[in-house]
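Per-entry structural report
For reference, the chains in residue letters:
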Amino acid sequence: MPSWTCAFYVFVAVIGTLPMLFVGFSWHEAQSRGWAWTNPDSRNMYVDAAKTLITASGIAVALLASSSVASARTASTLVAFSAKVAAVCLISCVCLSLVVILALLRGYERAWSRRTEELMKAGDGPAKEGKLNTTELLLILAPSGAALSSFIVGFVFLARIAFHF
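Residues numbered from 1 in each chain as written. Predicted model: local features only at pLDDT ≥ 70, side-chain atom pairs only at ≥ 80, totals over all residues. Heavy atoms only, no water.

**Considerations on the packing of helix H2 (residues 40-66) against helix H4 (residues 77-121)**
Rules: Fitting a line to C-alpha atoms yields each axis, with helices limited to the stretch in contact; the angle taken between N-to-C directions then spans 0 to 180 degrees. Only DSSP runs of H or I reaching four residues or more are called helices, and only runs of E reaching two or more are called strands; each is numbered from the N terminus. For this classification, under 35 degrees means roughly parallel, over 145 means roughly antiparallel, 65 to 115 means roughly perpendicular, and everything else is oblique. Here a crossing is called left-handed whenever its near helix is offset anticlockwise from the far helix by less than a right angle, and right-handed whenever the offset is clockwise. Nonpolar residues are Ala, Val, Leu, Ile, Met, Phe, Trp, Tyr, Cys and Pro. Charged residues are Asp, Glu, Lys and Arg, and all others, Gly as well, are polar.
Two numbers describe how H2 lies on H4: the axes approach to 9 Å, and their chain directions differ by 160°. As summarised for this structure, H2 and H4 are arranged roughly antiparallel, according to the angle between their axes. Relative to H4, H2 is oriented so that their crossing is left-handed. Looking at the contact of H2 with H4 residue by residue, the class counts come to 22 nonpolar, 3 polar and 2 charged.

Given below as structure tokens:
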């Protein structure tokens, strides 16, 4: 195996791991500092980010499926393999991003409901924010990191097709 191929796979492994490190850091802050609160603005911001991943991945897969790469796939095993990996990663990103959106929406709804219930018992008005529990946070962070990793790895493999490295 040529050294540039090894370097490519090391690069893919490193860049694919970075989003999971970010997720781990976010998890650590939520557990150690209590930063697991959510509000409509943060929920909407993260939902928009997931929608962007869905759109970008969908466009890339559509272009990959309809491009001239389809005819080149038979000419080079490198191109064929890279196209398959890119398609699987990008389609995984779309699916995982949908899970993230649903988890964000439902997690906020549950956190808001718990907080509103607490405030109503205390005689206050409805809440504007709520604290995610451990399960809700995990159901948001884990697929978020996996979706972002899939997106990045998929695009790196698309670049591999273009540059044949």
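There's plenty left to go through after this.
**Regarding H4**
Operational definition: Given a helix with a known number of residues, its expected span is that number minus one, times 1.5 Å. Definition of a polar contact: a pair of N or O atoms within 3.5 Å, with one able to donate and the other able to accept a hydrogen when the atoms are protein atoms, and with sequence-neighbouring residues admitted only if both atoms are side-chain atoms.
The first and last C-alpha atoms of H4 sit 65 Å apart over 45 residues, in line with the 66 Å expected at 1.5 Å per residue. Two or three places before Leu78, at the opening of H4, Ser76 has a side-chain oxygen 3.3 Å from that residue's backbone nitrogen. In the segment just after H4, Gly123 is the residue with positive phi, at about 90°.

**Considering the packing of aromatic side chains**
We apply this condition: Planes of paired rings set the category: under 30 degrees apart is stacked, over 60 is edge-to-face and the rest tilted, where pairs are Phe, Tyr or Trp rings (Trp by its six-membered ring) whose centres lie within 6.5 Å. Each residue is assigned to one of three classes by its accessible area relative to the maximum for its type, calculated with a 1.4 Å probe on protein chains only: buried under 20%, partly exposed between the two thresholds, exposed over 50%. Placement of a positive charge over a ring is assigned whenever Lys NZ or Arg CZ falls within 6 Å of the ring centre and within 35 degrees of the normal to the ring plane.
In total, this model carries 5 aromatic pairs according to the counting rule given. Their ring planes at 70° and their centres at 5.4 Å tell us that Phe8 and Tyr9 sit as a pair that is edge-to-face. Judged by relative accessible area, which is 31%, Tyr9 ranks as partly exposed. Among the aromatic side chains, those forming a connected cluster through ring pairs are Phe8, Tyr9, Phe81 and Phe157. The ring of Tyr108 has Arg43 lying over it, and the distance from NZ or CZ to the ring centre is 4.6 Å.

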